[in-house]
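# A closer look at the structure
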Amino acid sequence: MPDRTFGLTVKEIAGMSDLSGKVQTVLGLMDPDQLGRTMTHEHLTMNFEYCFVPPAPGHEDNSLAPFQLENMHWLQQHAYSHRENLLLYQELEAVRDELVCFKKAGGGTIVENTTTGITRDLPVLRQLAKDTGVNIVAGAGYYVDDTHSDETRKMTVEELTDVIVTEVSHGADGTDIRCGVLGEIGTGWPITESEKKVLRATAHAQSQLGCPVIIHPGRNPTAPSEIVRVLQEAGGDISKTVMSHLDRTIFDHDELLEFAKLGSYLEYDLFGTEMLDYPFNLGIDMPNDSQRVQTLAFLIKEGYEDRIVIAHDIHTKNRLTKYGGHGYSHILNNIVPKMLSRGISQKQVDKILIDNPKQWLTFK
Ligand SMILES: CC(=O)NCCS(=O)(=O)O
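Everything numeric here is computed off the predicted structure, so don't read it as measured data.

## Describing the UniProt feature "binding site: a divalent metal cation 2" (unreviewed entry) in the protein
In the UniProt entry, the feature "binding site: a divalent metal cation 2" (unreviewed entry) is given for E184, H216 and H245. The greatest C-alpha distance among the residues just named is 10.7 Å, despite their covering 62 residues of sequence, which places them together in space. With respect to the element layout, E184 can be found in strand β8 (residues 181-186). Among the polar contacts made by the side chain of E184, one reaches the side chain of H43 at a distance of 2.9 Å. Secondary-structure assignment places H245 in the loop between β10 (241-243) and α10 (253-260). Not counting residues within four places of it along the chain, the set of residues in contact with H245 comprises H41, E184, H216, P217, E267, D269 and D313.

What follows is the structure, encoded as structure tokens:
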């Protein structure tokens, strides 16, 4: 696409020039300095039922058991083998209460990563923002291939780009509520043709809008760099792109540094998750929070403090405090003190929680 048509920039044609230098929340545009401490990857309402993992032999009763104290540890270890646990959208009251606690704990903003395929609900997000005073940034675009509709699969890159640009510039899902970030854009491993089209459309939309992007990579250590390659070839801006879920994707420190050199934000977003057997890749050991903090300290020592962002990626019910989980304030209440006790300075903590998300979320 040419940069200028009849003297207008592409941004001006799309009516987007007013976004430059701002952050777009579900309640409208914001001055980036108002964001405060930001969780860059959460879900407040979504449906993860498509990821149900049938319980192992002997676990059938737990899989059907109600949410009660006796079953909570089993749920923590087998979160995806309990259908009702995957229906986070049923917990609006609990989520609202938690957002109030998040604000009291010093939180400012949540980036809500629910995209098409896992039941984004923008009116609910707007209501939660109004009720709690927490800034909520909603995600545009598409989740992984398994959730693509037949209609999505048939669309061209240009058609997908139009949808994504509209979700940011005019509103999504038949509402006037505008998304402020592209993602989480879902990919599996290997990346499918439909996912590659969505990645290319994401890059095209990003180059038109100057907006932030966030990616869900497949569960293979080479997936993040392959995604960066596809985005770059399509004109994406990697310096304004977050690579999510690195805690379950790249384990080897040399490989991590190789990936970090590519220039994306590095997201550790499964804080609070503790499970022995990660059912989507039984070959890995899911780190615990202490190990996540060690990896942050390593990346900081290697010079990447300007590129780190963190979150909990809450997407199942058992992680809510209502059910004995860690909730949306765990990082603020527990992980920050741990970071400080492991040699990460307050200034570096503030970069990770305030400055880096602010830079990322601000439209160019
Ligand atoms: C909602 C979502 O995609 N969460 C990521 C779960 S994963 O197990 O880290 O892939």
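Still to come is the rest of the account.
## Some words on the site of the ligand
Around the ligand, 15 residues are found, and the nearest of them are Y143, R219, R248, Y278 and D313. Measuring from an oxygen atom of the ligand, one finds a side-chain N or O atom of R248 at 3.0 Å. In isolation the ligand exposes 310 Å². Once the protein is present, 99% of that is buried. Along the lines of polarity and charge, the residues of the shell around the ligand split into seven nonpolar, four polar and four charged.

## Structural notes on unusual backbone geometry
In this structure, the amide linkage connecting G183 to the following residue, E184, adopts the cis form with an omega of 20°. In this model, W189 is joined to P190 through a cis peptide bond whose omega is -5°. Relative to the helices and strands, P190 is located in the loop between β8 and α8 (193-209). A positive phi is found at D173, a non-glycine position, where the angle reads about 55°. In this structure, D173 sits in the loop between α7 (157-169) and β8. Within the chain, H245 stands out as a residue other than glycine whose phi angle is a positive 55°.

Rules used throughout
- Residues numbered from 1 in each chain as written.
- Predicted model: local features only at pLDDT ≥ 70, side-chain atom pairs only at ≥ 80, totals over all residues.
- Heavy atoms only, no water.
- UniProt positions renumbered as here; feature names shortened; annotations may be inferred.
- Helix = DSSP H or I, 4+ residues; strand = E, 2+ residues; numbered from the N terminus.
- Polar contact = N/O pair within 3.5 Å; in protein donor to acceptor, adjacent residues only side chain to side chain.
- Contact = heavy atoms within 4.5 Å.
- Near = heavy atom within 4 Å.
- Areas by Shrake-Rupley, 256 points an atom, 1.4 Å probe, with all protein chains shown as cover.
- Nonpolar A, V, L, I, M, F, W, Y, C, P; charged D, E, K, R; others polar.

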